[in-house]
Every structure is written in C-alpha cells, then in structure tokens.
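What follows is the residue order along each chain.
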Amino acid sequence: MFCWLNRLYRGLSSPTGRTTQLIWGSLSRSLVLSSRRRIPEFSSFVARTNTCGELRSSHLGQEVTLFGWIQYRRQNTFLVLRDFHGLIQLVIPQDESAASVKKILCEAPVESVVRVSGTVISRPPGQENPKMPTGEIEIKVKTAELLNSCKKLPFEIKDFVKKTEALRLQYRYLDLRSFQMQYNLRLRSQMVMKMREYLCNLHGFVDIETPTLFKKTPGGAKEFVVPSREPGKFYSLPQSPQQFKQLLMVGGLDRYFQVARCYRDEGSRPDRQPEFTQIDIEMSFVDQTGIQSLIEGLLQYSWPRDKDPVVVPFPSMTFAEALATYGTDKPDTRFGMKIVDISDVFRNTEVRFLQDVLSKPKGTVKAIRIPEGAKYLKRKDIESIRKVAADHFNQEVLPVFLKASRHWNSPVAEFILEKQSLELIRLMELQEEDVILLTAGEHRKACSLLGKLRLECADLLEARGVVLRDPALFSFLWVVDFPLFLPKEENPGELESAHHPFTAPHPSDIQLLYTEPEKVRSQHYDLVLNGSEIGGGSIRIHDAELQRYILATLLKEDVKLLSHLLQALDYGAPPHGGIALGLDRLICLVTGAPSIRDVIAFPKSFRGYDLMSNAPDSIPPEELKPYHIRVSWPADSEAEKSSLDHPHHPES
C-alpha cells in the first residue's frame, strides 16, 4: 500500500544530470552547487531506528524501535502499526512476563500513538502478505509505550471509507493521515524540489520573495483588501507578483523564480481557492520560444518517475485554431470529436433557419460527430444536451441520427439527411451509429456551444463505459496568439485586457494599436494540460510610452496607480517575459485528484471558509478602531439610517 514513497524517492538516488553549475563568473569557486542526491535518512535526529515501511527480510534478526499509529488489531494477537512510510505487523506477546506490554497494545484505542521495540522475524510459512511491502516479516514486540491515546474518531482513517468533504475539511489534521493525502503532499514536495534544482542549480535563476502587502492593481480579478492604521488607506494582497517580477528585471536580476502565494477574492467558485500557489518565473532578453523551451525542460526534469515521461516539444495551436476546432482556449486533446464547419453543405438549403443564419455576414453552420452516439446515448441524454444549449447559450442544437435510432430524428433533421446525407458523411467521416450535433449561428458563439457539448458528450459516453480521456495520458498543448483586448461585457464599446495590461502586442500588429486595437494579437501564451489551463505568461511591454498609451488611451485606466512601474520602464528596462504555472492545478492533474483541495494541506471550502478554524471570523469593535473602519451590517434601509444617525451603534 505504501510503496508509493519508495517510488517518489527512487528518482533521487541517481545523479540528476549536470553535476555542478558555475554561477556568475568570479563567484563561481564559492558557489559550485552539486545536484547529486541520495535516498533520504528518514530516521536521523529521532529516537526510532527505522520507519514502519522500510523494513524487509534483509533486516531479519535486527532489534528495532518504531513509532507510529495503531492502524488495527486482530484477536489481541496481531497489531498493524502505521507511520508516514507504511505499515508493519506486530506480534503482541502472550506470555505472563510481558503482561504490561500486552495490556498497552490491547487496550490502546485505534489511532493511538505508541513506541515499540522488538526483533524483526519472518512470518510463519503461508502467512506472508504479498500486498504489503513489509508482508514477509513482522516484529516480535519486547517493550511498548503509549505516547498518546486517541478519542473516538469522527471517521475512520481509511481511504475506502467514504467521508463528506465538509467533514474531511473540519478534521483536516485527521484527513492528512490518509494514504492519498500523504502521497499527494509528498509528491508535490518532490516536484517543487526538482523545479528549484532545475531553475536555480542548472539554469542560474534567483529565488526571491516579493511582498504580500501591496496596493490595488488595475484590471484583473478582485483583490483582498487589508486595512492600515492610516485613515482611508488600504493594502491589497497581490493576485500575482506581476509588477515585482518586472521590476526585478529592471533591477538587473536577469532570472527570477519564486514559489509564490497569490490571492484572489473570487467568491464561491467550485474548484478555485482564494489563496493559491504559483511557480512564478521571469527572464530578461527572452522571447516566447525561450520561455516555452524552459517550461518544457522544467516539467520534463521534475516529472514523477512513476508516470509516463513527458515528451517535448509540446504541440502548439493558435487561439483562433483552438476555438474553431475545440470551441475553447483550453482544449482537451486526448480525444477527437472536433468541430467541423459544414456551412458550404447548406449554402443552397431549403431549411429556413439555416438560410437565415447563412445570409448574415458571420453566420456559420458547425457540427461535431459523436462516435457510436446512437449506441450509447439515450433519449433523455439528447434532451439534456438540447437544454444545455438553450439555457447556457440561448441557441438551438439539432441532433441528426443516421440509420440507427433514425426514428428519433426531428422532421428538419430527417429533411437534412435526405438532401445532404452524402456530403455530410464524406465531410464528417460518419459511420452508421454516429450522431451529429449541428448548430448554426455566429462563428464564436457556435464554436463555444459545441465545445461545451463536446465535453458534455464525453462525460455521457464515459459514464456508459467508453474510454475517451485516458487518465494516465498527459496531453500538453501551448495556445498562442490570443487577442490583446476583449470588448467589456458591460460596455462592448470599451476594451479590457484579455489577460493583463502589461502584455506586449504581437510585433506584426503594432500599427493596428492606433487604428483597430480590437484586432491586435498579443504575445501571450497559455499552457494547457488535459483541458485545464496550468500556466500562462507573456512577453511584457518594456517601453514606457507604449505602456502608458495602452493604459491611458485604450484601457482608460488611471496611470497614477502604476506610476512606479512606468517610471521604472523609463530607466533602461530590458526586454523581458515570463510565465506562472498553477502549482495546485498541476499537482491535481498529476495525482488524478478529484479537486485541487486534495493537493493542498489546509484548503478553504468552495465558499472560501476554513471549516477547521471557522475563518473568516468576527473581530471585536475595539480591535477595529485603530484601523478607522466599522462593519455595516446588511439590514433594511431604516436600520441603516439609524446606524448612520447614531454613531455609538455597535460596530462589531
């Protein structure tokens, strides 16, 4: 069960490549950094001789001292002891002279912490357990000490015991004892260690901490606000160290790296965290290709040895291609069901709603093919698909069945099949039991709808036993050439940054900034893994005049908020670019965890609460006074008016 730890550390016993790295000319002699590693000493500095999980037949006859938790007990004869490394079976002594030892081990509740000493012996023939790495041996106990007794548990510490997530978060310190949480957190630690080694030891990056207390940044996600003792003045927690890492490049640090804590006040989002971790990187004198090569090498170097190796270089796709083919800017490329433009098939159609759409300038007809859809999809599934289209996109989707389940076709679908079946079969490479999902509308909207339905159909097919998305397959993809700006949702006549306002425009599109800025492509790039965005970055604007024009003229932002950055760009800022990898999301995908909360030691609930400590919590009014703020409680207008009229009203 616990052989995972050996797998994690196996990769560290051999040299990692280049043995030494010289750093910065004249300092090289004192800064020669060795990248050699060996198996860690798990029992150094403590009273145990061994861990529970490391003992084997090679230890037979040795006297050992172990510490751990009681996993379970059988017939007051055997006890299984557990620590972070694994499980070991103990033989409880039955003779009268060891009555005190037997009493301790038989009466201590499950999950109590004990120290035991004894001899490693072979299990009797036929009693070996091949499922346990320590299954050939057991410990004949001589002495035992109860270090701490365990009260009745809110749930059993076993992975197969189902627990609600709320209960797991409330008793997180118990949940952390589980095999899966131990594996996830230790794998995370190993990957971060290898990333540090690759960046700092092999490529000369400098690990620099940046401030957590900062100021409001224009655009982007909402930020957490921290009051100060100066009336009306507040700090903001940074969404990312974006400005600081650019300023470090101005400062000549050349290569920066940080395991950075970031904060976004995004409210209730099912698989997001208000605080999260990024592998944050910035380099001077680099282009997009350089950043991409760095990240490919970084992931290849830090990838767990128990997974299939990462193959580089990663494929690349433009934003326009991703949208047209997969209906999203983060496509899952592990399976097909690509979007096909079938507008030409219907140029002379007699179907009225298709005629109307194609008569418009940006009107298109798009479709996806669901392989063997007639075999696996039920009528209720088709209704569910149509409901998603109507509810989320306000758009109609038309299922078209070929021969199998053809009686499910609507009159329009039947008419299309009679008139255009041969062209559709050729263009979409249709088989008899396939189903077509067809929609018509403006290009972007039609693609987005089919992109959503592609994933919905994949879920439905996989629920029926079809394997489309192999969880052991890791499909990386670079998405490039994003638009630099998007129209604001609340006011489409104005522009906002597609990512952030420091992203450099594509060199070929510079002139469009002054004539048709909505058409400008950016030098932004996203890294996608299995349909999830795990990283994003860009080449930055290093020219103060261009940065000022984009902020003030195009985005209508107050440049005073960024005066420090604009001033810095005027003092000989080098060309620079960078990227940030979402560590939580990356580890979640690598481990196959169902949620990012399963790869974070102490996460918040999806509503942003810490169910263990009940944070956020209220603060007494007297503790708020130094910050010159008070709480305005939600209430009817009369109560609010009363609060304003009577300043002595309770403020807590």
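Residues numbered from 1 in each chain as written. Predicted model: local features only at pLDDT ≥ 70, side-chain atom pairs only at ≥ 80, totals over all residues. Heavy atoms only, no water.

- Under the annotation held in an unreviewed UniProt entry, the protein carries the name Aspartate--tRNA ligase, mitochondrial and is attributed to Equus caballus.
- In its Catalytic activity (unreviewed entry) section, UniProt records this for the protein: "tRNA(Asp) + L-aspartate + ATP = L-aspartyl-tRNA(Asp) + AMP + diphosphate".
- In its Sequence similarities (unreviewed entry) section, UniProt records this for the protein: "Belongs to the class-II aminoacyl-tRNA synthetase family. Type 1 subfamily." (UniProt positions renumbered as here; feature names shortened; annotations may be inferred.)

## Things to note about the overall build of the protein
Okay, so step 1: Helices and strands together make up the secondary structure of the protein, namely 18 helices and 23 strands.
Okay, so step 2: Counting only C-alpha atoms and orienting by the principal axes, one finds that the protein spans roughly 95 × 70 × 70 Å.
Okay, so step 3: Within the protein, the fraction of its 652 residues that count as buried is 47%.
Okay, so step 4: Partitioning the intrachain contacts of the protein with sequence separation of at least 6 by distance along the chain shows that 67% fall at a separation of at least 24.
Okay, so step 5: Roughly 33200 Å² of accessible area belongs to the protein as shown, and the carbon and sulfur atoms make up 53% of that amount.
Okay, so step 6: The positive charge centre, built from 83 side chains, and the negative charge centre, built from 82, are 4 Å apart in the protein. (Helix = DSSP H or I, 4+ residues; strand = E, 2+ residues; numbered from the N terminus. Buried < 20%, exposed > 50% of the residue type's maximum accessible area, 1.4 Å probe, protein only. Contact = heavy atoms within 4.5 Å. Areas by Shrake-Rupley, 256 points an atom, 1.4 Å probe, with all protein chains shown as cover. Lys, Arg positive; Asp, Glu negative; His and termini not counted. Charge placed at Lys NZ, Arg CZ, Asp CG, Glu CD.)

## Section: helix H7 (residues 288–302)
Okay, so step 1: If you check H7, its first and last C-alpha atoms are 21 Å apart, about what 15 residues at 1.5 Å a residue would give, namely 21 Å.
Okay, so step 2: For H7, the set of buried residues is Gln288, Ile291, Gln292, Leu294, Ile295, Glu296, Gly297, Leu298, Leu299, Tyr301 and Ser302. (Expected span 1.5 Å × (residues − 1).)

## Overview of the domain arrangement of the protein
Okay, so step 1: Domain annotation of the protein identifies domain 1 (57–148), domain 2 (182–317 + 476–599) and domain 3 (335–463).
Okay, so step 2: Taking only C-alpha atoms into account, the centre of domain 1 sits 51 Å from that of domain 2. (Domains from an automatic or database assignment.)

## A closer look at the packing of helix H5 (residues 179–203) against helix H16 (residues 583–591)
Packed helix pairs are specified by the crossing angle of their axes together with the interaxial distance, meaning the distance between the axes.
Okay, so step 1: Closest axis-to-axis distance for the H5/H16 pair is 10 Å, and the angle between their directions is 120°. Here H5 is positioned oblique relative to H16, judged by the angle of their axes. By crossing handedness, the relation of H5 to H16 is classed as right-handed. In contact with Tyr183, Asn184, Leu187, Arg188, Met191, Val192 and Met195 of H5, H16 contributes Leu583, Asp584, Leu586, Ile587, Val590 and Thr591. (Axes fitted to C-alpha atoms, helices over the stretch in contact; angles between N-to-C directions. Parallel < 35°, antiparallel > 145°, perpendicular 65-115°, else oblique. Left-handed = near helix turned anticlockwise from the far one by under 90°.)

## A few points about the side chain of Ser605
Okay, so step 1: With respect to the helices and strands, the residue Ser605 is situated in the loop between H16 and helix H17 (621–624).
Okay, so step 2: With residues near it in sequence (within four places) discarded, Ser605 still touches Leu169, Gln273, Arg597 and Leu611.

## Focus: the pairing of strand E6 (residues 113–122)
Okay, so step 1: In terms of burial, E6 is a largely internal element, seven of the 10 residues being buried.
Okay, so step 2: Note that E6 and strand E7 (residues 137–148) share 10 bridges and pair antiparallel. Note that in E7 the partner of Val113 across the bridge is Asn148. (Pairing = 2+ DSSP bridges.)

## Some points on the sheet that holds strand E14 (residues 340–341)
Okay, so step 1: The four strands lie next to each other as E14-E15-E17-E16, forming an open sheet whose pairing is antiparallel. Both outer strands of the open sheet, E14 and strand E16 (397–401), are each paired with one neighbouring strand and no more.
Okay, so step 2: Sitting on the sheet, helix H11 (residues 379–393) is in contact with E16 and strand E17 (435–442), with an inclination near 155° to E16.

## So, the packing of aromatic side chains
The description of an aromatic ring pair rests on the distance of the ring centres and on the angle between the ring planes.
Okay, so step 1: This model, assessed by the stated rule, comprises 13 aromatic pairs.
Okay, so step 2: Aromatic pair Trp303 and Phe476: ring centres 5.7 Å apart, planes at 70°, arrangement edge-to-face. Note that Trp303 is positioned in the loop between H7 and strand E13 (316–318) and Phe476 in strand E18 (residues 476–480), a separation of 173 residues in sequence. Exposure class is identical for Trp303 and Phe476. Each is buried.
Okay, so step 3: With a centroid separation of 5.3 Å and an interplanar angle of 85°, the aromatic rings of Phe401 and Trp408 are classed as edge-to-face.
Okay, so step 4: Classification of Phe401 as buried rests on a relative accessible area of 1%. (Phe/Tyr/Trp six-rings, centres within 6.5 Å; stacked < 30°, edge-to-face > 60°.)

## Some words on unusual backbone geometry
For residues besides glycine, phi is generally negative; the peptide bonds are generally trans as well.
Okay, so step 1: Cis geometry is found at the peptide bond from Val312 to Pro313, where omega equals 0°.
Okay, so step 2: Mapped onto the secondary structure, Pro313 falls in the loop between H7 and E13.
Okay, so step 3: Note that the residue after Ala615, namely Pro616, is joined by a cis bond; omega there is 0°.
Okay, so step 4: One non-glycine residue, Glu429, adopts positive backbone phi at about 50°.
Okay, so step 5: Summarising the element assignment, Glu429 is placed in the loop between helix H12 (411–428) and E17.
Okay, so step 6: In this structure, Asn530 takes a positive phi of about 50° despite not being glycine.
Okay, so step 7: The topology assignment puts Asn530 in the loop between strand E21 (524–529) and strand E22 (532–539).
Okay, so step 8: You can call Asn530 buried: its relative accessible area is 10%.

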